[in-house]
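# Remarks on the overall topology
Chain by chain, the residues run as shown.
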Amino acid sequence: MRFLPRRRPTVTFPPPAPVPLHTPGTEPPPGAISLEVALHIARRALTRHSSANVHSKVAMFHAAVDLEHALRTLVTALDHPQDT
């Protein structure tokens, strides 16, 4: 005798209310931090990768990703200064 799998009852949820992602001009972009913290992140990334082996693809990949993140964080902090 073969047993057929039981069908689970269909559950329906009410549609969620629309919520805007952000209000332009009133909120800093995600990840906007103070300039001092952004400078600290950039300096740490530079120190961490200052002796990276230029012949290692893995080391160069990690350095490029880390330094790009530090640069983007620094530019965001400069573009959107926080009032503190």
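Just above, that's the structure.
To keep things clear, this report deals only with the structure shown in the data block. Just so you know, these numbers come straight off a predicted model, no measurement behind them.

### Quick word on the overall build of the protein
- Check the secondary structure of the protein and you find 2 helices and 0 strands.
- When burial is assessed residue by residue, the protein has 13% of its 84 residues classed as buried.
- Looking at the protein alone, contacts between residues at least 24 apart form 62% of all its contacts between residues at least 6 apart.
- In the structure as shown, the protein presents an accessible area of about 8000 Å², 63% of it carried by carbon and sulfur atoms.

### Overview of the packing of helix H1 (residues 35–48) against helix H2 (residues 57–79)
- Relative orientation of the contacting elements H1 and H2 amounts to 160 degrees, with a least axis distance of 9 Å. By the angle between their directions, the pair H1 and H2 is classed as roughly antiparallel. Handedness of the crossing formed by H1 with H2: left-handed. Touching Leu35, Ala38, Leu39, Ile41, Ala42, Ala45, Leu46 and Arg48 of H1 are Asp66, Leu67, Ala70, Thr73, Leu74, Ala77 and Leu78, all from H2.
- Of the residues in the contact of H1 with H2, the class split is 12 nonpolar, 1 polar and 2 charged.

Cut-offs used in this document
- Residues numbered from 1 in each chain as written.
- Predicted model: local features only at pLDDT ≥ 70, side-chain atom pairs only at ≥ 80, totals over all residues.
- Heavy atoms only, no water.
- Helix = DSSP H or I, 4+ residues; strand = E, 2+ residues; numbered from the N terminus.
- Buried < 20%, exposed > 50% of the residue type's maximum accessible area, 1.4 Å probe, protein only.
- Contact = heavy atoms within 4.5 Å.
- Areas by Shrake-Rupley, 256 points an atom, 1.4 Å probe, with all protein chains shown as cover.
- Axes fitted to C-alpha atoms, helices over the stretch in contact; angles between N-to-C directions.
- Parallel < 35°, antiparallel > 145°, perpendicular 65-115°, else oblique.
- Left-handed = near helix turned anticlockwise from the far one by under 90°.
- Nonpolar A, V, L, I, M, F, W, Y, C, P; charged D, E, K, R; others polar.

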